[in-house]
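Chain and residue survey
Residues per chain are reported as follows:
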Amino acid sequence: MARRNRNQPTKMTQTEFLNIVMPFKDKVFRLAKRLLVSREEAEDATQEVILKLWKNKAKMEQYKNVEAFSMTMTKNFCLDKLKSKQAQNLKIVHSNYQDHNVALQKQIEVNDSLKWVAKIIEDLPEQQKMVVQLRDIEQYDNDEIAKMLDMNPTAVRVALSRARKAIREKLTSTHNYGVK
Amino acid sequence: MVLNNIEQLLEKYEDGLTTLKEEAQLKDYFKQETVAPHLEHYKVIFGYYIANQQETFTKNVPLNAKNNYKIKWLSVAAVAVLMVGIYFNRPKEDTITEADRLAYNQAKSYLELVSRTFNKGTAQVHYLGAINKAGTQVDYLKEMENPVGRILNNNKPQKQ
């Protein structure tokens with residue numbers, strides 16, 4: 001960036017900030033929702049990420065790619081949240097109760113095959129979930145995804161391949177005998 | 001597009017080897033109403049991805065954190081002023097004059113007088129304790145109730 005001036009830090013206005021952030025706020029939200037599942041929690045997470053960006057807006061010009069940086073931030077924020085949630089759930093949730101819940105949910109969602117895909121992705125390991133989200137939904141290329149998730153591009157490709165195969169296999173098996 | 005081509009692309013797709021362009025081709029193909037029956041499930045998968053791209057974040061983010069910052073500092077300043085004010089006012093209130101001391105001693109002696117007369121009063125009322133004593137002595141009258149209870153208990157089983 002040519003207009004970086006050491007003595008006079010450029011002050012970003014709200015509209016300038018929004019012009020930068022708005023184009024990818026939905027992607028942040030969708031990644032958060034993919035990881036946290038609940039809409040409210042994903043909204044909170046998105047809000048949190050945008051506020052963090054706003055607070056650090058003075059530094060924003062130093063980042064080469066604000067969008068990629070935000071996606072990484074979202075990932076970290078959500079994974080932290082999941083970790084703390086898991087720690088809490090271990091104390092409270094009874095395993096039997098959870099099984100019932102899943103069975104019930106399955107019954108409700110049986111008719112809607114799109115929801116099946118969502119459910120299948122939900123059951124994937126976190127890394128595969130994120131890779132599918134970023135590639136098949138947000139259409140980032142593998143190098144970008146590698147940077148966002150702090151992986152190497154080969155690992156991204158492998159995770160992607162595993163996830164795609166798992167989704168197809170699970171979907172065909174549920175369609176063949178799970179659901180009719 | 002030829003079905004053969006699609007099948008090849010799908011194979012590549014599952015190995016993670018397709019480019020974004022090729023994946024767009026796949027998505028286009030599966031947007032059609034009718035696809036080859038053995039590929040039906042891919043239609044669901046790609047349909048899900050396309051549907052998910054539409055989801056948007058609609059909540060507002062309050063960005064006027066700057067104003068909050070001002071209010072925060074304002075309250076800090078207000079508290080500081082208040083504390084300074086209290087600090088400088090205190091010494092005046094703390095200086096004790098002769099008149100103050102006199103008033104204090106006078107009040108103290110009055111209070112002592114009041115408490116002394118109070119104590120005298122309670123000592124005189126002490127004999128009322130005798131009533132309690134008498135009460136415990138009359139307790140044996142309760143014994144009377146026991147035999148009555150016994151008689152009643154004996155009668156009941158006989159009736160049944």
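Treat the numbers as computed from the prediction; the structure is a model and nothing was measured. (Residues numbered from 1 in each chain as written. Chains lettered and ligands numbered in written order. Predicted model: local features only at pLDDT ≥ 70, side-chain atom pairs only at ≥ 80, totals over all residues. Heavy atoms only, no water.)

Next up on the list: the interface of chain A and chain B. Contacts between chain A and chain B engage 37 residues on the former and 31 residues on the latter. Carbon and sulfur atoms supply 58% of the area buried between chain A and chain B, which totals about 3,300 Å² over both sides. Where chain A packs against chain B, one counts seven salt bridges. Linking Arg39(A) and Glu55(B) is a salt bridge whose minimum nitrogen-to-oxygen distance equals 3.1 Å. Where chain A packs against chain B, one counts 23 residue pairs in polar contact (both at pLDDT 80 or more). Elements that contribute at least two residues to the side of chain A that touches chain B include exactly α1 (14–36), α2 (39–55), α5 (113–123), α6 (126–137) and α8 (153–178) of chain A. At nine residues, the largest contribution of residues to the side of chain A that touches chain B is made by α1(A). (Contact = heavy atoms within 4.5 Å. Buried area = accessible area lost by both parts, 1.4 Å probe. Salt bridge = Lys/Arg side-chain N within 4 Å of Asp/Glu carboxyl O. Polar contact = N/O pair within 3.5 Å; in protein donor to acceptor, adjacent residues only side chain to side chain. Helix = DSSP H or I, 4+ residues; strand = E, 2+ residues; numbered from the N terminus.)

Residue and element names in this part refer to chain A. Considering every residue of chain A, the mean pLDDT works out to 82; 78% of them sit at 70 or more. Mean pLDDT across the elements of chain A ranges from a minimum in helix α4 (residues 95–109), with 48, to a maximum in α6, with 96. Contacts of residues 1–8 to residues separated by more than four positions or lying in other chains number five contacts, the stretch itself having pLDDT below 50. (pLDDT = per-residue confidence, 0-100.)

Moving on, we come to the nonpolar core. Membership of the largest hydrophobic core comes to 39 residues, with the highest contact counts inside it found for Phe17(A), Leu53(A) and Leu134(A). For this core, the secondary structure elements donating two or more residues are α1, α2, α3 (66–92), α6, α7 (142–149) and α8 of chain A. By residue number, the principal contributor to this core is α1(A), which donates nine residues. A domain-level breakdown of this core finds at least three residues from each of domain 1 (11–92) and domain 2 (95–180) of chain A. If we ignore the near neighbours within four places in the chain, the residues touching Leu53(A) are Phe17(A), Val21(A), Phe24(A), Met60(A), Phe69(A), Ser70(A) and Met73(A). Among the nonpolar cores identified, the runner-up in size contains 27 residues, and Ile6(B), Leu10(B), Leu39(B) and Phe46(B) belong to it. (Core = buried A, V, L, I, M, F, W, Y, C linked by side-chain atoms within 4.5 Å. Buried < 20%, exposed > 50% of the residue type's maximum accessible area, 1.4 Å probe, protein only. Domains from an automatic or database assignment.)

Turning our attention to the pattern of salt bridges. Think of it this way: side chains of opposite charge can pair up when their charged atoms draw near. Tallied over the entire structure, the rule returns 17 salt bridges over all chains. Measuring nitrogen to oxygen at the nearest pair gives 3.0 Å for the salt bridge that ties Asp44(A) to Lys59(B). Here Asp44(A), found in helix α2, pairs with Lys59(B), found in the loop between α3 (40–52) and α4 (65–94), and the two come from separate chains. A salt bridge links Glu122(A) to Lys119(A); its shortest N-O distance comes to 4.0 Å. Residue Glu122(A) and its partner Lys119(A) are located together in helix α5, separated by three residues, close to a single helical turn. Of the residues examined, Glu122(A) reaches a relative accessible area of 32% and is grouped as partly exposed.

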